[in-house]
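Each chain, letter by letter, is given below.
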Amino acid sequence: MNKALRILLVVMTCVVIGYLSGIVTRESITTWYPTLVKPVFNPPNWIFAPVWTALYIMMGVAGGLVWNQIEAQPELVKKGFLFFIIQLGLNALWSYLFFGLHNPFLALIEVILLLLMIFETYVIFKKVDRIAGMLMVPYLAWVTFATILNASIWWLNQ
């Protein structure tokens, strides 16, 4: 498979996962979420879709760049891709726990695991391809912010 096709395939997978996560979010964002007490640093709702879209594209490009190194570093690429798949699954699960089940506490526990898995993915990705590692930094930063936001929402609404 050629390198561009690998990148496109991973980007499309990430965007589809993001879209499916958004389906769970859509109803709750207009019904349940407005009823929650939120911290003063809570961003406006409109910002989440474009930020997540950009993050899914960047993480997809990162994943594709790492996959393109499979012949040069097979063991490291396989380990990195396993972590990548796990974090992508955890990413989707968070939306279900927070918005689907309306459970900020369970989502908080899960987002901490997600954050750790993103960090481990970043560590491996930067060893395989420097640009892939850099592309994971905004995602790591945003999920760090999301973890703080999730913790604050849970605390304010317990």
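Scroll up to find the structure this text is about.
Residues numbered from 1 in each chain as written. Predicted model: local features only at pLDDT ≥ 70, side-chain atom pairs only at ≥ 80, totals over all residues. Heavy atoms only, no water.

This part covers the layout of surface pockets. Estimated volume of the largest pocket: approximately 780 Å³. Lining the largest pocket we find 30 residues, and of these Gly22, Thr25, Phe48, Ala49 and Trp52 sit closest to its centre. Among the secondary structure elements, those contributing two or more residues to the lining of the largest pocket are helix H1 (3-30), helix H2 (48-67), helix H3 (74-100), helix H4 (104-128) and helix H5 (130-156). Classifying every residue of the lining of the largest pocket by side-chain character gives 20 nonpolar, nine polar and one charged. (1 Å grid on protein atoms, 1.4 Å probe; cavity = no way out; pocket = protein on both sides within 12 Å on 5 of 7 lines; lining within 4 Å. Points joined across faces, edges and corners; volume = space filled by probe spheres on them. Helix = DSSP H or I, 4+ residues; strand = E, 2+ residues; numbered from the N terminus. Nonpolar A, V, L, I, M, F, W, Y, C, P; charged D, E, K, R; others polar.)

Evaluated as defined, the whole model comprises one salt bridge. For arginine 6, the salt bridge is made with glutamate 71, and the minimal N-O distance between the two is 3.6 Å. Note that arginine 6 is positioned in helix H1 and glutamate 71 in the loop between H2 and H3, a separation of 65 residues in sequence. (Salt bridge = Lys/Arg side-chain N within 4 Å of Asp/Glu carboxyl O.)

Among the nonpolar cores identified, the biggest contains 45 residues, and Met59, Phe98, Met136, Tyr139 and Val143 are the most heavily contacted of them. Sequence-distant contacts of methionine 136, that is, excluding residues within four places in its chain, are made with Met59, Ala62, Ile118, Thr121, Tyr122 and Phe125. (Core = buried A, V, L, I, M, F, W, Y, C linked by side-chain atoms within 4.5 Å. Buried < 20%, exposed > 50% of the residue type's maximum accessible area, 1.4 Å probe, protein only. Contact = heavy atoms within 4.5 Å.)

Residues spaced three or four apart along an α-helix point in a common direction, a consequence of the helix completing one turn every 3.6 residues. Between its terminal C-alpha atoms H3 stretches 38 Å, which fits the 39 Å expected from 27 residues at 1.5 Å a residue. Positive backbone phi, at 55°, marks histidine 102, one or two positions downstream of H3. (Expected span 1.5 Å × (residues − 1).)

Inspection of the entire model under this criterion finds 18 aromatic pairs. Residues phenylalanine 48 and tryptophan 142 carry aromatic rings whose centres are separated by 5.9 Å and whose planes lie at 70° to one another, so their mutual orientation is edge-to-face. Placement of the pair is phenylalanine 48 in helix H2 and tryptophan 142 in helix H5, with a sequence separation of 94 residues. On the accessibility criterion, phenylalanine 48 (22% relative accessible area) is partly exposed. Centroid distance tryptophan 94 to phenylalanine 98: 4.8 Å. Interplanar angle 15°. Geometry classified as stacked. Note that tryptophan 94 and phenylalanine 98 are positioned in helix H3 at a spacing of four residues, about one turn of the helix. This pair shows no difference in class: tryptophan 94 is buried, exactly as phenylalanine 98 is. Put simply, the rings of Trp32, Tyr33, Trp94, Phe98 and Phe99 pair up and form one aromatic cluster. Positioned above the aromatic ring of tyrosine 33, the side-chain terminus of lysine 38 is 4.6 Å from the ring centre. (Phe/Tyr/Trp six-rings, centres within 6.5 Å; stacked < 30°, edge-to-face > 60°. Lys NZ or Arg CZ within 6 Å of the ring centre and 35° of its normal.)

These results come straight from atomic positions and should not be treated as a statement about function.
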